[in-house]
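# Residue-level structure breakdown
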Amino acid sequence: MSGAQNTQENPRRARGRPRGWDDKTEQNTIKSLDRAMEIFEYLSADQGKTLSQLASELSQSPATVYRVLITLEARGLVEFDPEEQRWYVGARAFVIGARFLRRTSLVDRARPILRALMERTGETANLGIEKGGMVLFLNQVETHESIRAFFPPGTLSDMHASGIGKALLAFMDEDRFGQWLKGRSLETFTAHTLVAPDALVQELRRTRARGYAIDAEEKNLGMRCIAAPVFDMYGEAVAGISVSGPATRMGWDVTERISRSVVDAARDLTRAVGGSNRHDAG
């Protein structure tokens, strides 16, 4: 009893977390390291800078910036071109980034984001990718409502009649989209299904412009879906996040509100997997 009481009064800290772990105040940061990371991150976003450019744009002294760069260079994180007198991100940065990507699981990273999306919208949240010209659903967090959409992991769906599918198609490069469309017969599922190539292309242009796709009862009557793309480190759409539910709850009057949540969730997952949305002007 006394031992249990003592444990409760003095809970053990998690391994690897020192006392004051939650204290993120200035006293617990290393200023020189923070400055170095600021310079490194700035250079990674806009490579090919001279020392004077970096110092001026970061409002740091050239001597301070130079010491940081020399230190990072010794670790292979930055490289110096003596002919151009410019600094670039080094190969070691890619190696470290690749290690992060190896431990990154799209499904694992998406799970809490999907759950939060479901809670915000009240509707089922889904994650899918393109596989063999179809949408493959990888994960789903179901709504608490009795009437709901259901796409268990492993389900395949036609891209032209799917919110996630249209979100992915809209951000494909033209050659890849042409290969996907070539010789393909677009199946009719409902009176709302877009089966004419020209009509589909027009809808994909609208999707790309607004940043999200809408499945307006195109696969199943009475069911609607709003989806947005997830991008990888190269700015390519590699997955999609969607919210799906009955048209009675997902009418046009709530489309704007739900679409904002879906787009935000897709951006969160893009960041979580180290991606970059080159199409996002915001």
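The paragraphs below set out a description of the structure included in this document. (Residues numbered from 1 in each chain as written. Predicted model: local features only at pLDDT ≥ 70, side-chain atom pairs only at ≥ 80, totals over all residues. Heavy atoms only, no water.)

## Things to note about the overall build of the protein chain
Convention followed: Under the DSSP-based scheme used, a helix requires at least four consecutive residues in state H or I and a strand at least two consecutive residues in state E, with every element numbered from the N terminus. Only protein chains enter the calculation, and the probe is 1.4 Å; a residue is then buried if its accessible area is under 20% of its type maximum, exposed if over 50%, and partly exposed in between. Note on contacts: a residue pair qualifies if any of its non-hydrogen atoms lie within 4.5 Å across the two residues. All accessible-area figures derive from a Shrake-Rupley calculation using a 1.4 Å probe, and residue coverage is judged against the displayed protein chains alone.
Along the protein chain, the regular secondary structure elements total 10 helices and 8 strands. Counting the 282 residues in the protein chain, one finds 39% classified as buried. Within the protein chain, counting contacts between residues at least 6 apart in sequence, those at least 24 apart form 56% of the total. Surface accessibility of the protein chain: about 16600 Å² in total, with carbon and sulfur atoms responsible for 50%.

## Some points on the pattern of salt bridges
Test applied: Here a salt bridge means any side-chain nitrogen of Lys or Arg lying within 4 Å of a carboxyl oxygen belonging to Asp or Glu.
A full pass over the atoms with the stated rule returns 11 salt bridges. Residue E57 pairs with K49 through a salt bridge whose shortest N-O separation is 3.0 Å. The partner of R206 in a salt bridge is E203, with the nearest N and O atoms 3.0 Å apart. Note that R206 and E203 are positioned in helix 9 (residues 197-210) at a spacing of 3 residues, about one turn of the helix. Residue R206 is classed as partly exposed on the basis of its relative accessible area, which comes to 45%. For E203, a relative accessible area of 10% translates into the label buried. When salt bridges that share partners are traced, they join K166, E203, R206, R210 and E218 into one network.

## Looking at the pairing of strand 7 (residues 223-231)
When a strand is regular, its side chains alternate between the sheet's two faces. Put simply, the test is: In this description, strands pair whenever DSSP reports at least two bridges between them.
Within strand 7, 8 of the 9 residues are buried, which leaves it mostly tucked inside the rest of the structure. The hairpin formed by strand 6 (residues 213-216) and strand 7 contains 6 residues between the paired strands, and E217 there has a positive phi angle of roughly 60 degrees. Relative to strand 8 (residues 237-246), strand 7 runs antiparallel, the two being bridged by 9 bridges. Looking across to strand 8, one finds that M223 is bridged to P246.

## As for the packing of aromatic side chains
Each aromatic ring pair is summarised here by two numbers: the centre-to-centre distance and the angle between the ring planes. Here is the rule: When two rings of Phe, Tyr or Trp (its six-membered ring) have centres within 6.5 Å they constitute a pair, described as stacked for plane angles under 30 degrees, edge-to-face for angles over 60, and tilted for the intermediate range. Two conditions define a charge located above a ring, namely a distance within 6 Å from the ring centre to NZ of Lys or CZ of Arg, and an angle within 35 degrees of the ring normal.
This model, assessed by the stated rule, comprises 3 aromatic pairs. Judged by centre distance (5.5 Å) and plane angle (85 degrees), the ring pair of F171 and F231 falls under edge-to-face. One end of the pair, F171, is in the loop between helix 7 (163-170) and helix 8 (174-181); the other, F231, is in strand 7, with 60 residues separating them in the sequence. The two residues F171 and F231 agree in class, both being buried. Here the aromatic rings of F177 and W180 are separated by 5.8 Å at their centres, their planes lie at 25 degrees, and the arrangement is stacked. Taken together, the residues F177 and W180, both in helix 8 and 3 residues apart, mark about one turn of the helix. Each member of the pair F177 and W180 is classed as buried. Positioned above the aromatic ring of Y212, the side-chain terminus of R210 is 5.2 Å from the ring centre. The ring centre of F189 lies 4.9 Å from the NZ or CZ of K219, which sits over that ring.

## Notes on a nonpolar patch on the surface
What counts is decided by this rule: A patch consists of residues exposed above 30% relative accessible area that lack any salt bridge, with like charges linked at up to 9 Å and nonpolar side chains (Val, Leu, Ile, Met, Phe, Trp, Tyr) linked at up to 5 Å.
A cluster of nonpolar side chains, F94, V95, M233 and Y234, forms an exposed patch at the surface whose accessible area comes to about 410 Å². By the secondary structure assignment, Y234 is in the loop between strand 7 and strand 8.

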